[in-house]
Each structure stands twice: as C-alpha cells, then as structure tokens.
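Here is what each chain is made of, one letter per residue.
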Amino acid sequence: GYALLSSGIHNFYHGNFEKSKEFFEKAEKVVQQTGDLELITQILLFNGFAAGRDGKALQGLNFVQAAMQRSEEGNYQRGKALSFFALGFLNMLLNEKQKALFYYQKAEELFPENFDLLEKAKLYNNLGVISEEYGNLELGELYREKAYSFNQKAKYLYGEIATLPSLARIKSLKGNFNGAK
C-alpha cells in the first residue's frame, strides 16, 4: 500500500494526475483489506487533491468526504484536520471562498501542536490568499508571515521563495515599501 501511495504522490507532484489516480486507486484496494485508517485516509485525500488539480473538484469532494467520515469514525484527529484542509482547497478551486475559509479555519483549530510544518505553511498561505481577496490586508499579511515562518522552520526553501512575492505585494499595497524589499 505504501509503495503504491508513494508512486501516486510522485506522479501527483509531477503533474501526472491521471497516473497518480491509478496508483491511489490500486493502493486503496490493497489497503482496504488491512484497515489501516491513517493510510486509507491519506489515499482518499490525495485522490481528492488529484481530482481537484485535474479540474474535477466536485469529484474530489467525494474522496475528501469519505476521508472525513473514516477519520470521524476512527476519531483520527490528524485525518479530520487534513480533511478540512482538503475541503478548503477544493472549495477554493470551486470559487466558494466563504466555504473555503470556514474549512481552513476548522483545520487550523484541529491541527495538533506538533503537526507537520509544511501542512501548516500551506494552510496559512491559503488563509492569506483568501484574506487578501476579501481585502483584509492585515490578516493576509499575518497569515503569509506565518506561512513563511513555518517554511523556514521546515527548511523548505521553495516554500520560502514562493511566499516572499505575496508578502512583498501585501506590504507594498499597505504602503510599507521598505518592508516589501
């Protein structure tokens, strides 16, 4: 199951969404027999993300809702937090920003203190996007700074570099041209 999931993730991050979904579906069949809640949840969530990135966000919601249901049944907090995050992501793709904001905030509430730094960085970056789109530059800046900080803690240079232009844009919109440098 883990090997199939890893192959799916590899294809997902290289933009091969159809191939990634094939691996995720195979992994799901293998793992269903084991009852490994964490692995099943991860597979369902990646299937949802892959569907969304492939332009099928509504289909992705089905996978994520299945992951949420399993997480709730198994009292798997990390799975619930990741499911809320995925619901936020898919609702952003569907241009349902208010729903996305709600789900991201639910994810933030459930993220354990020792949660994956990169997941926190992605969450705060997306909260920053929504805040900025709603015109709340102060909150957008705060979230982007949190995202940048978590990327730094994770030593994820790409995340740091990807966050800096957004921070600079917000700072310049607020008139803080020195901070935008």
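Provided above is the structure to which this section pertains.
Residues numbered from 1 in each chain as written. Predicted model: local features only at pLDDT ≥ 70, side-chain atom pairs only at ≥ 80, totals over all residues. Heavy atoms only, no water.

Any details on the overall build of the protein? Residues and values, ideally.
Each helix and strand in the protein was counted, giving nine helices and zero strands. N-terminal to C-terminal, the α/β element order of the protein is α-α-α-α-α-α-α-α-α. The C-alpha atoms of the protein give a radius of gyration of 17 Å, which matches the 16 Å a tight globule of 181 residues would have. Along the first, second and third principal axes, the C-alpha atoms of the protein reach 55 × 30 × 30 Å. Taking all 181 residues of the protein together, 45% fall into the buried category. In the protein, once contacts between residues fewer than 6 apart in sequence are set aside, the share between residues at least 24 apart is 51%. Where the 22 positive side-chain charges of the protein centre and where its 21 negative ones centre are 3 Å apart. (Helix = DSSP H or I, 4+ residues; strand = E, 2+ residues; numbered from the N terminus. Rg over C-alpha atoms; globule rule 2.2 N^0.38 Å. Buried < 20%, exposed > 50% of the residue type's maximum accessible area, 1.4 Å probe, protein only. Contact = heavy atoms within 4.5 Å. Lys, Arg positive; Asp, Glu negative; His and termini not counted. Charge placed at Lys NZ, Arg CZ, Asp CG, Glu CD.)

Give me the lowdown on the packing of aromatic side chains, citing residues and values where you can.
A complete count under the given rule lists 14 aromatic pairs for this structure. On the numbers, 6.2 Å between centres and 25° between planes, the contact of F84 with Y103 is stacked. Highlighted residues: F84 in helix α5 (residues 77-93) and Y103 in helix α6 (residues 97-110), separated in sequence by 19 residues. By the ring-pair criterion, three or more aromatic residues cluster together here, those being F12, Y13, F17, F24, F46, F49, F85, F89 and Y104. We note K26 situated over the ring of F23; from NZ or CZ to the ring centre the distance is 5.9 Å. In this structure, K153 packs its charged tip against the face of F150, placed 4.9 Å from the ring centre. (Phe/Tyr/Trp six-rings, centres within 6.5 Å; stacked < 30°, edge-to-face > 60°. Lys NZ or Arg CZ within 6 Å of the ring centre and 35° of its normal.)

Kindly report on the nonpolar core, identifying the contributing residues and their values.
F12, F24, I43, Y104, L123 and L127 are the most contacted members of the largest nonpolar core, which totals 42 residues. Looking at this core, the elements with two or more residues in it are α1 (2-13), α2 (17-32), α3 (37-53), α4 (57-73), α5, α6, α7 (117-133) and α8 (137-153). Every residue in contact with L127, bar those within four places of it in the chain, is listed here: L101, Y104, Q105, E108 and Y143. (Core = buried A, V, L, I, M, F, W, Y, C linked by side-chain atoms within 4.5 Å.)

Got a sec to walk through the pattern of salt bridges? Specific residues and values, please.
Scanning the model with the defined rule gives 14 salt bridges in all. The salt bridge involving E18 is made with K56; its shortest N-O contact spans 3.3 Å. Separated by 38 residues along the polypeptide, E18 in helix α2 and K56 in the loop between α3 and α4 bring together distant segments of the chain. On the accessibility criterion, K56 (35% relative accessible area) is partly exposed. In this structure, the salt-bridge partner of K56 is D54, at a minimum N-O distance of 3.3 Å. Within the structure, one salt-bridge network assembled from shared partners comprises E138, E141, E145, K171 and K174. (Salt bridge = Lys/Arg side-chain N within 4 Å of Asp/Glu carboxyl O.)

I'd love a proper account of unusual backbone geometry, names of residues and values included.
One non-glycine residue, N95, adopts positive backbone phi at about 60°. Considering the arrangement of structural elements, one finds N95 in the loop between α5 and α6. N95 gets classed as exposed once you look at its relative accessible area, which sits at 52%.

Go over the packing of α6 against α7, please, and point to the residues and values.
Orientation of α6 relative to α7, taken along the N-to-C sense of each, is 145°, at an axis distance of 10 Å. Considering only the axes of α6 and α7, their crossing is left-handed. Taken together, the residues of α7 that come into contact with α6 (itself represented by K97, A100, L101, Y104, Q105, A107 and E108) are L123, Y124, N126, L127, I130 and E133. (Axes fitted to C-alpha atoms, helices over the stretch in contact; angles between N-to-C directions. Left-handed = near helix turned anticlockwise from the far one by under 90°.)

Report on the packing of α2 against α3, specifying residues and quantitative values.
Their axes nearest at 9 Å, the elements α2 and α3 cross at an angle of 160°. By the angle between their directions, the pair α2 and α3 is classed as roughly antiparallel. Once α2 is placed against α3, the crossing between them reads as left-handed. Touching F17, S20, K21, F24, E25, A27, E28, V31 and Q32 of α2 are L39, I40, I43, L44, F46, N47, A50, A51 and R53, all from α3. Residues belonging to the contact of α2 with α3 are distributed by class as follows: eleven nonpolar, three polar and four charged. (Parallel < 35°, antiparallel > 145°, perpendicular 65-115°, else oblique. Nonpolar A, V, L, I, M, F, W, Y, C, P; charged D, E, K, R; others polar.)

Fair warning: the whole summary comes from geometry, so function is off the table for now.
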